[in-house]
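Single-letter residue listing:
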Amino acid sequence: MLTVGINGYGTIGKRVADAVTQQPDMELAGVAKTRPNFEAQTAVRKDYPLYTAVEERVELFEEAGIGLAGTVSELVEQSDVVVDACPSGIGADNKSMYESLDTPALYQGGEDADLVDTSFNARGNYSAAAGASHVRVVSCNTTGLSRLLTPLQEQYGVEKARVTLVRRGGDPGQTSRGPINDILPNPITVPSHHGPDVNTVFPDLDIDTLGMKVPATLMHLHSVNVTLESSPTAADVRDLLREESRLFLVPESMAIDGAGKLKEFAHDAGRPRGDVWENCVWEESISMEDNDLYLFEAIHQESDVVPENVDAIRAVTETADANESIATTNETLGIGL
Ligand SMILES: NC(=O)C1=CN([C@@H]2O[C@H](COP(=O)(O)OP(=O)(O)OC[C@H]3O[C@@H](n4cnc5c(N)ncnc54)[C@H](OP(=O)(O)O)[C@@H]3O)[C@@H](O)[C@H]2O)C=CC1
Ligand SMILES: O=C(OP(=O)(O)O)[C@H](O)COP(=O)(O)O
């Protein structure tokens, strides 16, 4: 049984914590918070041992009537693996603590790639994380791109990928984010950070990316063009992608015209928090022009990295191979719409 601690209990951390509790080979050591807000209170309601991320703030929790199990270093000490889901840059600050307590750590996509031994995507490079001490689960967008490009590369070869990412401005709870009435090239420079980030998983893949931000919170949307090294039909590509467990091909018959209905579908399907762990590829959009593949896909930024974090825990501890881990994670979470 692997004991897993979660440091940073926000959008990503709380979802990873819930996912860990569903794994047959893992137990949650606890979660660390800096303050006794609604998320801390929810953790307590779920019986997750709560640790303070800042030692001097013990009193804040006491005043709020929240009992603490200890401090974050005690959480890390008793964990076989710690998942750092702190805001971008804080993971780097925490690295020395994980090292001093000799605990392997997973970081998220907001951290720099050079912080870690390897960046990680379960379908793309699972085995690269074997025995590593510091692993970065790539960002939501890079996770989505890696899942899509891996089967295309394996089956047809990728000559060049070009992707425009229409990014949500912030998550639903991030009230200070924007834009609220604009359409931004973001970053304005080309390529955006996503292409180089994909190269942390596939060093040799030729990919250019452009990013935008729009006034939406639900999902990101990718407009994808991949020049393949062979010329399958669109039907061939649909069949190939349909076989991928973390790609959901949105059928025309569902009449899902965008992220709003995708999220509604996820809620109707009983998904926790309306999470959509899979890339959502519109089946009708999959088109071939000579060697050029075109498609649209939507990525639920709050949740697609959650199964990847679970798999990365098994990858660093070498307790399962990629296929075993992906199958267990998919089954326990209920992945497959
Ligand atoms: N949201 C997204 O769409 C995605 C985010 N990521 C990446 O995941 C990481 C986390 O992002 P996200 O979950 O969105 O961020 P959030 O801000 O939602 O959650 C992070 C939480 O960490 C807590 N925190 C802040 N400082 C510390 C600290 N010193 N020690 C422990 N906890 C702390 C905060 O909670 P409190 O202070 O209340 O304890 C905060 O809620 C980032 O690297 C991000 O780039 C990756 C994919 C998608
Ligand atoms: O990693 C993400 O997006 P990104 O791949 O566009 O940087 C997450 O959606 C978080 O992005 P944010 O940095 O806009 O919160």
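Residues numbered from 1 in each chain as written. Chains lettered and ligands numbered in written order. Predicted model: local features only at pLDDT ≥ 70, side-chain atom pairs only at ≥ 80, totals over all residues. Heavy atoms only, no water.

A.B. asks: A description of the UniProt feature "active site" (unreviewed entry) in the protein chain should follow, citing residues and the corresponding values.
C.D. replies: Following the UniProt record, one finds the feature "active site" (unreviewed entry) at C140. Among the secondary structure elements, C140 is positioned in helix α7 (residues 140–156). Apart from residues lying up to four places away in sequence, C140 is in contact with H220, I299, Q301, D304 and V305. (UniProt positions renumbered as here; feature names shortened; annotations may be inferred. Helix = DSSP H or I, 4+ residues; strand = E, 2+ residues; numbered from the N terminus. Contact = heavy atoms within 4.5 Å.)

A.B. asks: I'd love a proper account of the site of ligand 1, names of residues and values included.
C.D. replies: Surrounding ligand 1, one finds 21 residues, the nearest of these being I12, K33, T34, R35 and D171. Within the contact set of ligand 1, a nitrogen atom lies 2.6 Å away from a side-chain nitrogen or oxygen of D171. Q301 places a polar main-chain atom, nitrogen or oxygen, 3.4 Å from an oxygen atom of ligand 1. Bound to the protein, ligand 1 loses 83% of the 870 Å² it would expose on its own. The residue makeup of the shell around ligand 1, split by class, is seven nonpolar, ten polar and four charged. (Near = heavy atom within 4 Å. Polar contact = N/O pair within 3.5 Å; in protein donor to acceptor, adjacent residues only side chain to side chain. Areas by Shrake-Rupley, 256 points an atom, 1.4 Å probe, with all protein chains shown as cover. Nonpolar A, V, L, I, M, F, W, Y, C, P; charged D, E, K, R; others polar.)

A.B. asks: Account for the packing of aromatic side chains, naming residues and giving values.
C.D. replies: For the coordinates displayed, the defined rule picks out three aromatic pairs. Ring centres of F120 and Y126 lie 5.8 Å apart, and the angle between their planes is 55°; this geometry places the pair in the tilted category. Among the residues examined, F120 registers a relative accessible area of 0% and is labelled buried. (Phe/Tyr/Trp six-rings, centres within 6.5 Å; stacked < 30°, edge-to-face > 60°. Buried < 20%, exposed > 50% of the residue type's maximum accessible area, 1.4 Å probe, protein only.)

A.B. asks: Any details on helix α10 (residues 259–268)? Residues and values, ideally.
C.D. replies: If you check which residues of α10 are buried, you get L262, K263 and A266. Buried residues of α10, viewed axially, fall in a sector of 95°; they line one side. Those residues of α10 hidden inside the fold are in contact with β13 (247–250), β14 (279–282) and β16 (292–299). Just past α10, the residue G270 takes up positive phi, approximately 85°. (Arc of directions from axis to C-beta.)

A.B. asks: Talk me through unusual backbone geometry; I want residue IDs and the actual numbers.
C.D. replies: Between G178 and the following residue, P179, the backbone shows a cis peptide bond with an omega angle of 5°. In this fold, P179 is placed in the loop between β9 (158–168) and β10 (184–185). Across the junction of V190 and P191, the peptide omega takes the value 0°, indicating a cis bond. Even without being glycine, R273 reaches a positive phi, approximately 60°.

A.B. asks: Residues and numbers for the nonpolar core, please.
C.D. replies: With 43 residues, the main nonpolar core has I6, V31, L106, F120 and I313 as its most contacted residues. Elements with a contribution of two residues or more to this core: β1 (2–7), α1 (11–21), β2 (26–33), α2 (38–45), β5 (81–84), β8 (134–137), α11 (306–317) and α12 (322–333). Top contributing element to this core by residue count: α11, with six residues. Not counting the four nearest positions on each side in its chain, V31 is found in contact with I6, Y9, A17, A43, Y48, P49, L50, Y51 and L75. Ranked by size, the runner-up nonpolar core spans 29 residues in total, among them V158, L165, F202 and I286. (Core = buried A, V, L, I, M, F, W, Y, C linked by side-chain atoms within 4.5 Å.)

A.B. asks: I'd like a description of the environment of N309, backed by residues and values.
C.D. replies: Relative to the helices and strands, N309 is located in helix α11. The class of N309 is buried, set by a relative accessible area of 0%. In contact with N309, other than residues within four places in its own chain, are I12, V16, V83, L106, Q108 and V137.

A.B. asks: Tell me what's going on with the site of ligand 2, and back it up with residues and numbers.
C.D. replies: Neighbouring ligand 2 are S139, C140, N141, R167, R168, R177, H193, H194, K213, H220 and Q301. At 2.7 Å from an oxygen atom of ligand 2 is found a side-chain nitrogen or oxygen belonging to R167. One nitrogen or oxygen atom from the side chain of H194 is found 2.7 Å from an oxygen atom belonging to ligand 2. Compared with its free state, where it exposes 380 Å², ligand 2 has 75% of that area covered by protein. If you list the elements that add at least two residues to the shell around ligand 2, you get α7 and β9. When the residues that make up the shell around ligand 2 are grouped by side-chain class, the tally is one nonpolar, six polar and four charged.

A.B. asks: Account for α7, with residues named and values stated.
C.D. replies: Between its terminal C-alpha atoms α7 stretches 25 Å, which fits the 24 Å expected from 17 residues at 1.5 Å a residue. At L149, α7 shows its largest bend, some 25°, and a proline, P151, comes one to four positions later. A positive phi of about 80° marks G157, the residue just after α7. (Expected span 1.5 Å × (residues − 1). Bend = angle between axes of the 7 residues up to and from the residue.)

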